[in-house]
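# Survey of secondary and tertiary structure
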Amino acid sequence: MLDLNSFDLATNSDIGYDMPVINPYTNEEIEGATIRVRGDKSKTVVAFERKLYNEQDRARKVRVGKNKDEAPSLEELEDMVVRAAVVRIMGWKGFKEDGMAFEYSPENAEVLMKKHDWLREQVREAAKELEHFRPE
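Okay, so let's go over this structure. Note on numbering: residues in each chain are counted from 1, in written sequence order. Selection of residues for local features in this predicted model requires a pLDDT of at least 70, selection of side-chain atom pairs for listing and counting requires 80 or more, and totals for whole chains, interfaces and linings are taken over all residues. With hydrogens and water stripped out, all remaining heavy atoms of the structure feed into the side-chain values.

### Here's the deal with the layout of surface pockets
The method is simple in principle: a probe with the dimensions of a water molecule rolls over the atoms, and the space it marks as empty is what remains. Put simply, the largest pocket is a space of about 280 Å³. Looking at the largest pocket, it is lined by 15 residues, and the ones nearest its centre are Phe95, Lys96, Leu112, His116 and Leu119. Strands are runs of DSSP state E lasting at least 2 residues, helices are runs of H or I lasting at least 4, and numbering of each runs from the N terminus. For the lining of the largest pocket, the elements supplying multiple residues, two or more each, are β2 (29-37), β4 (96-97), α4 (106-115) and α5 (117-128). Quantified by volume, the second largest pocket comes out at close to 150 Å³. Taken together, Ser6, Phe7, Leu9, Asn12, Ser13, Leu130, Glu131, Phe133, Arg134 and Pro135 make up the lining of the second largest pocket. Classifying every residue of the lining of the second largest pocket by side-chain character gives five nonpolar, three polar and two charged. Here a cavity denotes grid points, spaced 1 Å and computed from the protein atoms alone, that fit a 1.4 Å probe unable to get out, and a pocket denotes an open set having protein on both sides within 12 Å along at least 5 of 7 lines; residues with an atom within 4 Å of a point are the lining. Grid points are joined across faces, edges and corners, and a volume is the space filled by probe spheres set on the points. Under the scheme applied here, ten amino acids are nonpolar (Ala, Val, Leu, Ile, Met, Phe, Trp, Tyr, Cys and Pro), four are charged (Asp, Glu, Lys and Arg), and all others, including Gly, are polar.

Right, dumping it as structure tokens:
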């Protein structure tokens, strides 16, 4: 028999995955540096994506109502990508900046995702991979 609870993608994705950070120059894991990532199927991420879509849809309707058929600016698009990465981050270990520990907080996650697009890409890729969120 198929136990559907063993395929609860939302719950498993909300548990998170400790993503090893990969050096962008060498493609090797950076020892001791991990980011706890929520999966794309998590309830938190799905709610965020719905909210973001609705915000963009409302903004589009306002632009159309004002006879402006402008797409979002590059800055607006980048902000959306940063926010989408931040919502997937649950925490991290092994980060320093200027020799000082760089502790996780939502605010620090936003700073990190804005400053380091290579990390942002790793977070987004890890969140897509269902295998990372399979129960043991």
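### Quick look at the packing of helix α3 (residues 74-86) against α4
Only C-alpha atoms enter the line fits that serve as axes; for helices the fit covers just the stretch in contact. Angles between N-to-C directions range over 0 to 180 degrees. Two elements in contact, α3 and α4, have axes whose closest approach is 9 Å; the angle formed by their N-to-C orientations is 130°. With respect to α4, the element α3 is oriented oblique. As for how α3 packs across α4, the hand of that crossing is right-handed. In this structure, α3 uses Val82, Ala85 and Val86 to contact α4, whose residues at the interface are Pro106, Ala109, Glu110, Met113 and Lys114. Across the contact of α3 with α4, the residue classes tally to six nonpolar, no polar and two charged. When an angle is under 35 degrees it counts as roughly parallel; over 145 it counts as roughly antiparallel; between 65 and 115 it counts as roughly perpendicular; any other value is oblique. Two helices crossing with the near one rotated counterclockwise from the far one by less than a right angle form a left-handed crossing, whereas a clockwise rotation gives a right-handed crossing. Contact criterion: two residues are considered in contact whenever any of their non-hydrogen atoms come within 4.5 Å of each other.

### Considering the environment of His132
You can see His132 is positioned in the segment after α5. Residue classification places His132 among the partly exposed positions, given a relative accessible area of 27%. Put simply, His132 and Met19 are 113 residues apart on the chain and 8.6 Å apart in space, counted from C-alpha to C-alpha. Sequence-distant contacts of His132, defined by excluding residues within four places in its chain, comprise Tyr17 and Ala126. Relative accessibility decides the category of a residue: with a 1.4 Å probe and only protein chains considered, values under 20% of the type maximum give buried, values over 50% give exposed, and everything between is partly exposed.

### Digging into the packing of aromatic side chains
Stacked, edge-to-face and tilted are the three classes for Phe, Tyr and Trp ring pairs, Trp counted by its six-membered ring, which pair at centre distances within 6.5 Å; planes under 30 degrees apart are stacked, over 60 edge-to-face, the rest tilted. Using the criterion set out here, one finds four aromatic pairs in the structure. A centroid spacing of 5.2 Å and a plane angle of 25° characterise the contact between Trp92 and Phe95, whose relative ring orientation is stacked. On the accessibility criterion, Trp92 (11% relative accessible area) is buried. Given the relative accessible area of 13%, Phe95 is considered buried. When the ring of Trp92 is compared with that of Tyr104, the centres are 5.2 Å apart and the planes differ by 90°; the resulting orientation is edge-to-face. Within this pair, whereas Trp92 is found in strand β3 (residues 89-93), its partner Tyr104 is found in the loop between β5 (100-101) and α4, the two being separated by 12 residues in sequence. By relative accessible area, which is 30% here, Tyr104 ends up partly exposed. Feature note: the residues Trp92, Phe95, Phe102 and Tyr104 constitute an aromatic cluster, connected by ring pairs.

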